[in-house]
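# Residue-level structure breakdown
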Amino acid sequence: MFGKLSIKDLAAIALLLDEDESKVRKRKTPKRKWVNRNRKDVGEYFTLFKELIDDETRFYQYFHMPINKFETLLARIQNDIKKVDTCFREAITPREKLAVCLRFLGTGDSFRTIASSYCLGRSTTHCIIKEVCSVIIRKMKDETIPVPKEEDWKRIAADFWRLWNFPNCLGALQGKQVEIEVHASRGAPSNSYTRKFSVVLLALVDAHYRFVSVDIGAYGKTSGILSSSNMGKALESGSLNIPTKNELPGSNLRAPYVILGDESFPMKTYLMRPYPAPQAADDIPKKTFNNKLSHARQVTENAFRLLADRFQVYRRVLKSKPENLDTLILTTCILHNFLQEEDVHSSTEATPYKGQLNLKQIPRRGCNSQGAACHVRDTYKKFFSLTSVPESEPSSDIVT
């Protein structure tokens, strides 16, 4: 085919082919646009935050906390989340980072939705939330959820007696399962056969709906949660500075300080659960004890309702790695106590929610009580039957 062409003609053809190939190689690729290019013009932080600062009601509805608490929280963590500006771009300010994190926890929206609202990249949004939560835990956990000393336990018991008419009570114990959806390749436990499994939030709650202690873990478990938790091990070993026995008010009966549980937990000398329903049906003293215990345990449901009301991330199934979920849950518990400090002496009402919360009750278990634990429960039963303890009515600061 090319036999009759001269060397000059062949060279010209080669040059033309090479030129066409170069054009193909140099085909323009679409320019990458910075996600935050117009962030200061249309981003939610720059367009809405200034308006919210001037309207306390709208600020509270948006962030689920008052302005003064937002500023206090920012002052505590800003030095740890502040980054230096570079020649290429300005660093995201600590105030905007906190706004992004609180908006995520307050709404439960996806990273993609939050990123779109604030004109940030999805991975940037994820990193911001993870960073802010980690700093909140590191800076505020020991302050908001400290390990109680003996005098702290006595103060908690005094509050329970004053507000809920249950003596020697160190708190009410409740466990809730938080559902998580995760791909097996992203850290799901090896024994998880479905994409959904649960993480248990085990919490001890005081008379003012604050978390005295929290334990997060027990992935997928429905039994043996207390015994395998750090809290349960500390209670069993007696290493929590719990006071010794004390006289029950207005009587000569002595009983140890106790925690109030339900049928999800085992009977212990330090942990009371109700009498079985068949036993209490025709036994007035046992029925009275059950009523008193059930009434005082309302603090747990109220605390979890307030938690879910403030942080609506609990109103949907979360999509996250288990280790990230632990961080999110602990952060919400810390912030709950941080916000509850102001609400102890004021009316605190949880917004009624008709939907289903992503906080499921741990299944009940049978009772195999030890003799010593039964004796402690009988002592409290005797106290309620011999003394004229009035039927408890929630005070003005109690959520009903």
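Reference entry: report on the structure contained in this document. Residues take numbers from 1 onward in each chain, read along the sequence in its written order. Per-residue local features are limited, in this predicted model, to residues with pLDDT of at least 70; the limit for side-chain atom pairs, both in listing and counting, is 80 or more; totals at the level of whole chains, interfaces and linings are taken over all residues. Each side-chain value is derived from all of the structure's non-hydrogen atoms; neither hydrogens nor water enter the calculation.

## A word on the side chain of arginine 103
Secondary structure elements follow DSSP: runs of H or I of four or more residues count as helices, runs of E of two or more count as strands, with numbering from the N terminus. Structurally, arginine 103 can be placed in helix α6 (residues 94-107). The buried label goes to any residue with under 20% of its type's maximum accessible area, the exposed label to any with over 50%, and the partly exposed label to all in between, with areas taken from a 1.4 Å probe on protein chains only. Charge counting follows a simple rule: Lys and Arg are positive, Asp and Glu are negative, and His as well as the terminal groups are ignored. Salt bridges are defined by distance alone: a side-chain nitrogen of Lys or Arg within 4 Å of a carboxyl oxygen of Asp or Glu. No salt bridge is formed by the buried arginine 103; its nearest oppositely charged neighbour, glutamate 44, is found at 4.2 Å. A distance of 3.1 Å separates the side chain of arginine 103 from the backbone oxygen of tyrosine 62, its partner in a polar contact. Whether two residues are in contact is decided by their heavy atoms: any pair within 4.5 Å suffices. Not counting chain neighbours up to four residues away, the residues in contact with arginine 103 comprise Glu44, Tyr62, Gly108, Ile114 and Tyr118. Polar contacts here mean pairs of N or O atoms no more than 3.5 Å apart (in protein, one a potential hydrogen donor and the other a potential acceptor; neighbouring residues in sequence count only if both atoms are side-chain atoms).

## Some details on the environment of valine 205
Along the chain, the position of valine 205 falls in strand β2 (residues 196-205). The buried category is assigned to valine 205, whose relative accessible area is 0%. Sequence separation between valine 205 and threonine 300 is 95 residues, and the spatial gap between their C-alpha atoms is 6.0 Å. What valine 205 contacts, discounting residues up to four positions off in sequence, is Phe160, Gly171, Ala172, Arg210, Phe211, Val212, Val299, Thr300 and Ala303.

## Observations concerning the pairing of β2
With nine of 10 residues buried, β2 is to be regarded as a mostly interior element. Two strands are counted as paired when DSSP detects at least two bridges linking them. Note that strand β1 (residues 169-181) and β2 share 10 bridges and pair antiparallel. When the sheet's bridge partners are listed, alanine 172 is paired in β2 with valine 205. In the sheet, β2 pairs with strand β3 (residues 211-217) via six bridges, with the strands oriented antiparallel. Its bridge partner being in β3, leucine 201 is matched across the sheet by isoleucine 216. Linking two consecutive strands that pair antiparallel, namely β2 and β3, is a turn of five residues; a positive phi of about 65° is found at tyrosine 209 within it.

Coordinates in, geometry out; function isn't part of it.
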